[in-house]
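Per-entry structural report
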Amino acid sequence: MIALGCDHGGYGLMQEVKKHLEERGIEYKDYGCYSEEPVDYPVYAKKAAHAVADGECELGILICGTGIGISIAANKVKGIRAALCHDCFSAAATKEHNNANMLAMGARVIGPGLALKIVDTFLDTPFSNDERHVRRVDMIEKTFDM
Ligand code: RB5
């Protein structure tokens, strides 16, 4: 189950992401927003991030205008490792190395073609489980007690 969260800036691209997930048969929960009416991205970052942190969803996808605000907000939730990615290399690396559990993107930065490839890369790349990466991810969780 994938948690989805966006603001008005990300709403349009999120509709494309939802369609794509449906085509792939991947289930999601949509934590809003639900239109292009201006809203505050921290509200939706928090809802989707808690769904991931609480184990209701395994992974999450966040979209705002830049992807920056919504990723900053999501990363305030303990246990969340939200990665802002606008290329496939980063999307693969952040799963392999950081075991990122949320992908953030900016709808004003990239188009839907690239965004959907980034989504696929993020969802399809597993964590490496290499000892050094496990250690570093553990350090993030233990060192920064939020
Ligand atoms: C909304 O206008 C915009 O600020 C928001 O979508 C995002 O880019 C913030 O980081």
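Here goes a summary of the coordinates provided. (Residues numbered from 1 in each chain as written. Predicted model: local features only at pLDDT ≥ 70, side-chain atom pairs only at ≥ 80, totals over all residues. Heavy atoms only, no water.)

Here's the deal with the environment of Leu116
- Of note, Leu116 is situated in helix H5 (residues 112-124).
- For Leu116, the residues in contact, after removing those within four places along its chain, are Glu16, Val17 and His20. (Helix = DSSP H or I, 4+ residues; strand = E, 2+ residues; numbered from the N terminus. Contact = heavy atoms within 4.5 Å.)

Some details on the pairing of strand E5 (residues 102-106)
- Across the five residues that make up E5, a large majority, five, are buried.
- Side chains Met102, Ala104 and Gly106 project from E5 onto one buried face, and the interleaved Leu103 and Met105 project onto a second face that is buried too.
- In terms of strand pairing, strand E3 (residues 59-64) meets E5 through five bridges, oriented parallel. Bridged to Leu62 within E5 is Ala104.
- You can see the chain leave strand E4 (residues 82-84), run along helix H4 (residues 88-96) and come back into E5, and the turn it takes is right-handed. (Buried < 20%, exposed > 50% of the residue type's maximum accessible area, 1.4 Å probe, protein only. Pairing = 2+ DSSP bridges. Right-handed = clockwise from strand over helix to strand, strands pointing away.)

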